Amino acid sequence: MTGEPRIRTVLGDVAPSSLEVCDAHDHLFFASRQLAGQELDDVAAAEAELRAFAAAGGRTVVQWTPFGLNRRAADLAVLSQATGVHVVAATGFHRAEHYPADVLDRVADRLAEIFVADLLDGIPAGDDPDADRTGPRAGLIKVAGAFHVVDRHARWTMVAAAQAHQETGAPIAVHLELGTAAREVADLLCGELAVPPSRVILGHLNRNPDLRVLREVADTGVFLGFDGPSRANHATDWRLADLLFELATSGHTGQLLLGGDTTTAAARLSSGGGPGIPYLLTTLRPRLVRALGDDVVQAMLVANPARAFAARWRR
């Protein structure tokens, strides 16, 4: 891998400084059998979210929707072009319960190969790994842990993610189930699988607000993702500012990331009556500025994602 670090967006590679204000974890499109009837599958609604985000000063949205869950990568490129907002797409694989058994069987022996192809060649239409790769390239790998453990499925996906990282340089983002098993995931990826901590982003840490664990995980050097608000996070969102303050004053400001994690139609501002993607900037940002100071919030929204999602791409 050669050259300067670049962010791989759906419209091509850009300099990290181009990211500017970044929602480090969200979804414009997402569909899972675990959330039947709440699919994010409306192009017009996705465009409205992006335009509202841009009007609030947003410049980049990182979509963590992985393989097989309605990424709609070609639509991401159209929307990015239309709104002027950078969009980063994901490859990767979620928890097993999100997929039919036939999908798991189809990719069982070729997961790393699929990740690498999505990152270097492009995402195929309809998420068919055997179709022509005419879509934009993915810019990160998203995998998932289990509740309090790294189970067999999680280990399988993380081994594949580590292999794909070694071949491409791509960052690895991890869904932590209810915010748990953060240390176990970091130990596997950064210890046994030798992925540099600076290439790992752990998400949903606000869902398990155990400050002792958070400090321990922060000491590994990984990026720490705090993503919400959402209905899933409502019991812990009120602690967000306190957690971020404690981590920042402990010397971990440079590892903190913020995202919205809009995963259901009901959570959208444009069509569902929820806070939506813009809430990160219209409401949460000023609250955090009052609690933490502008420099810390600017680091979380601008400087840190520029480093977290940059890679020296193989091609």
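Look above for the structure.
Residues numbered from 1 in each chain as written. Predicted model: local features only at pLDDT ≥ 70, side-chain atom pairs only at ≥ 80, totals over all residues. Heavy atoms only, no water.

## As for unusual backbone geometry
Argument step 1. The backbone of Glu20 sits at a positive phi, close to 55 degrees, despite the residue not being glycine.
Argument step 2. Topologically, Glu20 is positioned in the loop between strand 2 (12-14) and strand 3 (22-26).
Argument step 3. Take Glu20: its relative accessible area is 42%, and that puts it in the partly exposed class.
Argument step 4. Even without glycine at this site, Arg72 takes up a positive phi of about 50 degrees.
Argument step 5. Secondary-structure assignment places Arg72 in the loop between strand 4 (60-63) and helix 2 (73-83).
Argument step 6. Note on Arg72: relative accessible area 27%, which makes it partly exposed. (Helix = DSSP H or I, 4+ residues; strand = E, 2+ residues; numbered from the N terminus. Buried < 20%, exposed > 50% of the residue type's maximum accessible area, 1.4 Å probe, protein only.)

## Details of the pairing of strand 10 (residues 223-227)
Argument step 1. Among the five residues that make up strand 10, five are buried, leaving the element largely enclosed by the rest of the structure.
Argument step 2. Burial along strand 10 is two-sided: the face carrying Phe223, Gly225 and Asp227 and the face carrying Leu224 and Phe226 are both buried.
Argument step 3. Two elements, strand 9 (residues 200-203) and strand 10, share two bridges in a ladder whose sense is parallel. Bridging across to strand 10, Ile201 finds its partner in Phe223.
Argument step 4. What joins strand 9 to strand 10 is helix 7 (residues 211-218), and the crossover it makes is right-handed.
Argument step 5. Looking at chain direction, strand 10 and strand 11 (residues 256-259) are connected through four bridges and run parallel. Counterpart to Leu224 in the pairing with strand 11 is Leu256. (Pairing = 2+ DSSP bridges. Right-handed = clockwise from strand over helix to strand, strands pointing away.)

## What about the nonpolar core?
Argument step 1. Core analysis: the biggest nonpolar cluster contains 80 residues, and Leu202 and Phe226 have the highest contact counts within it.
Argument step 2. A per-element tally of this core places helix 4 (residues 111-120) first, with seven residues.
Argument step 3. Discounting chain neighbours no more than four positions away, the residues touching Phe226 are Leu205, Asn206, Leu214, Leu240, Leu243, Leu244, Leu247, Leu256, Leu257, Leu258 and Gly259.
Argument step 4. Residues Leu19, Val88, Ile201 and Phe309 belong to the second largest nonpolar core, which totals 17 residues. (Core = buried A, V, L, I, M, F, W, Y, C linked by side-chain atoms within 4.5 Å. Contact = heavy atoms within 4.5 Å.)

## Comments concerning helix 10 (residues 294-308)
Argument step 1. Along its 15 residues, helix 10 runs 20 Å from first to last C-alpha, staying within 8% of the 21 Å computed at 1.5 Å per residue.
Argument step 2. Approximately 40 degrees is the largest bend angle found in helix 10, and it occurs at Met300.
Argument step 3. Turning to helix 10, its buried residues are Val296, Val297, Ala299, Met300, Leu301, Asn304, Pro305, Ala306 and Ala308. (Expected span 1.5 Å × (residues − 1). Bend = angle between axes of the 7 residues up to and from the residue.)

## Quick notes on the sheet that holds strand 2
Argument step 1. Spatially, 2-1-12 is the arrangement adopted by the three strands of the open sheet, whose pairing is antiparallel. With one partner strand each, in any of the chains shown, strand 2 and strand 12 (310-311) form the two edges of the open sheet.

## Some remarks on the pairing of strand 1 (residues 6-9)
Argument step 1. As judged from the two bridges shared by strand 1 and strand 12, these two strands associate in the antiparallel manner. Bridge pairing links Ile7 to Ala310 in strand 12.
Argument step 2. Pairing of strand 1 with strand 2 involves three bridges; the strand directions are antiparallel. Across the sheet, the residue bridging to Arg8 is Asp13, located in strand 2.
Argument step 3. Following strand 1, the chain reverses through two residues before pairing antiparallel with strand 2.

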